[in-house]
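Chain residues, written in single-letter form:
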Amino acid sequence: MKKRQAILWGLLLGIGLGLPLVSGPDGPVEIISVPATVDARRALRGMDLDLLMERDGRIFVVAGPDDLLRLSARRITFLIETGSFTAAQPGELRLAGGINGAYHSYKELEGDLESLESAHPSIVGLHTIGTSLEDRHIYAVKISDNVDRDEEEPGVLFLGCHHAREWISVEVPLLLARRLAEGYEGDPAIRELVDRSEIWIVPLLNPDGLEYSINVYRYWRKNRRANADGTFGVDLNRNYGYMWGRDNQGSSAWPDAEDYRGVSAFSEPETRAVRDLFLGGNFLAAVSYHSYSQSILYPWGFTDIPTGKDELLRGLGLEMAGLIETVNGRSYACGPAASSLYVTNGDLADWTFGVSGIPSYTIELPPVDIQHGGFFNAEDEIEGVFRENLPAMLRLVEFVVRDFAGPPTTRPGPLTNPDQKDK
Ligand code: 0X9
Ligand code: CA
Ligand code: ZN
């Protein structure tokens, strides 16, 4: 990895995680709109503002007092729109009518998953792998031949929406389920992959968070755990049990932080659901979809020490990035999570890799940066983002099918922990 690129990534993802709170220490945050002109776009660029949406020729952004001053200094006229968003609770913003458009809410997803199962009952099985804190189902779709039977076939796991505001990460795995189910009859390549593997898809790991993001505050990230100090939410991608809470750089001990790790590893029903599904199966690869930054990240997240399996992780990762680029020409960077980016502890990919040594990826979907929309992907981009990811997804299924058939020496096994080695 080139240094310049590594630094750029750090910047991009730093922005991705460090989003504004509803009210910061320096005063209230407003939703404003500016005309979608070349000048306004130029002024917004580099200001670290969160783009909310573009509508009727205006760009809506979340801005603090300093941002308003900076905009005024650049003679960009803006309208304060906060009033057209009704407050759900003091200090929170609500866009009346919901803003999820073509994206799936929990109920919409539930309906679509049920229809998919009833249209293709022999290869689609809908499972509830857990229940969220607000009593929503955490759904997993199994796609395989003889779907009701637990066969001796390799498993591959695709998940979306650890983070509530990353709506595109629900759609990509959901569309994969649909493509596999609908392609089974007519597409021999799909059929062979489905026959020889068990593909598990969890499109919406964080249903409570997603609903909150749709109905109350678009930029919500965590689940909706009521923390002891009165704040809400645990970052599900800091709650897994490998190197959980190892340091305060990779996750936070503070409940109000965006990367709060929770009171203990697997304290959350969502991460427990993934743990139990994973440990009960025979998974040989896993991908966790997030947004944004167009990157394919592999372990470790908790340290920049290489895993010892970098050749495999990097090789497959680069292959996936290559396949993605051939579709729409968009390039996804590829590298080890911690050293290319920032350190995390308790994330999913470290856990699946740490406990079983299988290729495990975090794929950050488009856009590449906040100037291209950040967490807000246009509705008409959903299909294109899915289409570019499909070949990479199928490549991973093909990998598990081949790997499973290969000699036992190539099969993954538990890893030694680089931490324990020097103790
Ligand atoms: O911070 C995360 O959980 C992921 N990024 S996001 O902006 N979608 O929140 C990245 C997790 C990958 N792991 C590391 N970067 N260590
Ligand atoms: Ca099967
Ligand atoms: Zn994320």
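See the structure above.
Residues numbered from 1 in each chain as written. Chains lettered and ligands numbered in written order. Predicted model: local features only at pLDDT ≥ 70, side-chain atom pairs only at ≥ 80, totals over all residues.

On strand E12 (residues 295-298), burial covers both faces: Ser295 and Leu297 on one face and Ile296 and Tyr298 on the other are all buried. Examined bridge by bridge, E12 and strand E13 (residues 333-336) share 4 bridges and lie parallel to one another. By the bridge assignment for E13, Tyr298 is matched with Pro336. With helix H9 (residues 310-328) bridging E12 and its parallel neighbour E13, the resulting β-α-β unit is right-handed. Taken together, the 3 bridges between E12 and strand E14 (residues 360-365) define a ladder with antiparallel strand orientation. By the bridge assignment for E14, Ser295 is matched with Glu364. (Buried ≥ 20, exposed ≤ 12 C-beta atoms within 10 Å, placed from the backbone. Helix = DSSP H or I, 4+ residues; strand = E, 2+ residues; numbered from the N terminus. Pairing = 2+ DSSP bridges. Right-handed = clockwise from strand over helix to strand, strands pointing away.)

Here we come to the sheet that holds strand E10 (residues 198-202). The 8 strands lie next to each other as E7-E8-E10-E9-E11-E14-E12-E13, forming an open sheet whose pairing is mixed. Of all the strands in the sheet, just strand E7 (124-131) and E13 have a single pairing partner and so form its edges. Averaged over all adjacent pairs, the angle separating strand axes in this sheet is 20 degrees, with direction ignored. Where strand E8 (residues 137-143) meets E10, 3 bridges bridge the pair, whose relative direction is antiparallel. Each residue of the ladder has a partner; that of Lys142, found in E10, is Trp200. The strands touched by helix H5 (residues 168-183) within the sheet are E7, E8, strand E9 (155-160), E10, strand E11 (283-291) and E14, with E9 carrying the most contacts at an inclination of about 140 degrees. (Axes fitted to C-alpha atoms, helices over the stretch in contact; angles between N-to-C directions. Contact = placed C-beta atoms within 7 Å.)

The subject of this paragraph is the packing of helix H4 (residues 106-119) against H5. With their axes 11 Å apart at the nearest point, H4 and H5 run at an angle of 15 degrees to one another. Taken together, H4 and H5 sit at an angle that is classed as roughly parallel. Note that H4 runs across H5; the crossing there is left-handed. Counting all contacts with H4, which are made through Leu109, Asp112 and Leu116, the residues of H5 involved are Val170, Leu174, Ala177, Arg178 and Ala181. The residue makeup of the contact of H4 with H5, split by class, is 6 nonpolar, no polar and 2 charged. (Parallel < 35°, antiparallel > 145°, perpendicular 65-115°, else oblique. Left-handed = near helix turned anticlockwise from the far one by under 90°. Nonpolar A, V, L, I, M, F, W, Y, C, P; charged D, E, K, R; others polar.)

Here we take up the environment of Ala228. One can find Ala228 in the loop between helix H7 (207-215) and helix H8 (269-279). C-alpha separation for the pair Ala228 and Pro255, spaced 27 residues apart in sequence, amounts to 8.1 Å.

Glancing now at unusual backbone geometry. With an omega of 5 degrees, the peptide bond running from Ser291 to Tyr292 counts as cis. Examined against the element boundaries, Tyr292 turns out to sit in the loop between E11 and E12. In this structure, Pro367 follows Pro366 across a cis peptide bond, with omega equal to 5 degrees. Note that Pro367 resides in the loop between E14 and helix H12 (382-405). One non-glycine residue with positive phi stands out, namely Asn146, at about 45 degrees.

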